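# Structure assessment
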Amino acid sequence: MGVTGVIDRTTTIKDRSVERGMECEIIASEQQCGSKSLFYVVGVLDPGQHTGIHVHDDVEIAWFMLEGSTFCVMGSFDEDDFVIEECEANSAGYVAPGELHLHVNRSESDKAVILMAYVGTNTVEGARGRELEVPAALQGVLATKSIELSYPATR
């Protein structure tokens, strides 16, 4: 049999450099299993923490929240349009290439656990994305939910 198989989770890599503020267990990557175009992680966002604001220029992301609750902040620079969605367990989402996004854990006591599939990359470097400053139009949207982003967040 080729490389197809069950991933041994006792050998997976845990990495904090994929998504700022989040520990990611790398399930599928070039290094982990020989993946050609998929990077797949289980991300744990600690209580009260957030990922950094970032974009992935050439990568699509599909995510599914297993546990917890977050604010999912999304937006388009082309349209200068930003929204915040309240997400609970079983929420799912899609991030198009080049669109801003981040998750903010709404709980001060419970972690948020999110499955994330990055299509178009198979490495940590490709999945990391490009961090951004908070756009002026987004600052007002964040204020509606009393969200304050602290930087530098842990990477």
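Scroll up for the structure.
Here's a quick rundown of the structure. (Residues numbered from 1 in each chain as written. Predicted model: local features only at pLDDT ≥ 70, side-chain atom pairs only at ≥ 80, totals over all residues. Heavy atoms only, no water.)

By the definition in use, this model includes two cavities of 30 Å³ or more. A volume near 90 Å³ is recorded for the largest cavity. Forming the walls of the largest cavity are 13 residues, and the residues nearest its centre are E19, W63, H101, H103 and M116. Ranked by residues supplied to the lining of the largest cavity, first place goes to strand 9 (residues 100–105) with three residues. (1 Å grid on protein atoms, 1.4 Å probe; cavity = no way out; pocket = protein on both sides within 12 Å on 5 of 7 lines; lining within 4 Å. Points joined across faces, edges and corners; volume = space filled by probe spheres on them. Helix = DSSP H or I, 4+ residues; strand = E, 2+ residues; numbered from the N terminus.)

Overall, antiparallel pairing links the six strands, which are arranged 1-2-3-10-5-8 in an open sheet. Each of the sheet's edge strands pairs with one partner strand only, and the pair in question is strand 1 (13–15) and strand 8 (92–95). When the angles between neighbouring strand axes are averaged without regard to direction, this sheet yields 25°. With six bridges connecting them, strand 2 (residues 22–28) and strand 3 (residues 38–45) associate as antiparallel partners. For E23, the partnering residue across the bridge sits in strand 3 and is V44. (Pairing = 2+ DSSP bridges. Axes fitted to C-alpha atoms, helices over the stretch in contact; angles between N-to-C directions.)

To continue, consider the packing of aromatic side chains. Enumeration over the complete set of coordinates arrives at one aromatic pair. With a centroid separation of 5.6 Å and an interplanar angle of 75°, the aromatic rings of F39 and Y118 are classed as edge-to-face. Linking F39 in strand 3 with Y118 in strand 10 (residues 112–119), this pair joins segments that are 79 residues apart in sequence. This pair shows no difference in class: F39 is buried, exactly as Y118 is. The ring of F71 has R106 sitting right over it, with the charged end atom 5.3 Å from the ring centre. (Phe/Tyr/Trp six-rings, centres within 6.5 Å; stacked < 30°, edge-to-face > 60°. Buried < 20%, exposed > 50% of the residue type's maximum accessible area, 1.4 Å probe, protein only. Lys NZ or Arg CZ within 6 Å of the ring centre and 35° of its normal.)

Glancing now at the nonpolar core. Membership of the largest hydrophobic core comes to 20 residues, with the highest contact counts inside it found for V18, F39, V41, W63, M116 and Y118. Broken down by element, this core gets its largest block of residues, four residues, from strand 10. (Core = buried A, V, L, I, M, F, W, Y, C linked by side-chain atoms within 4.5 Å.)

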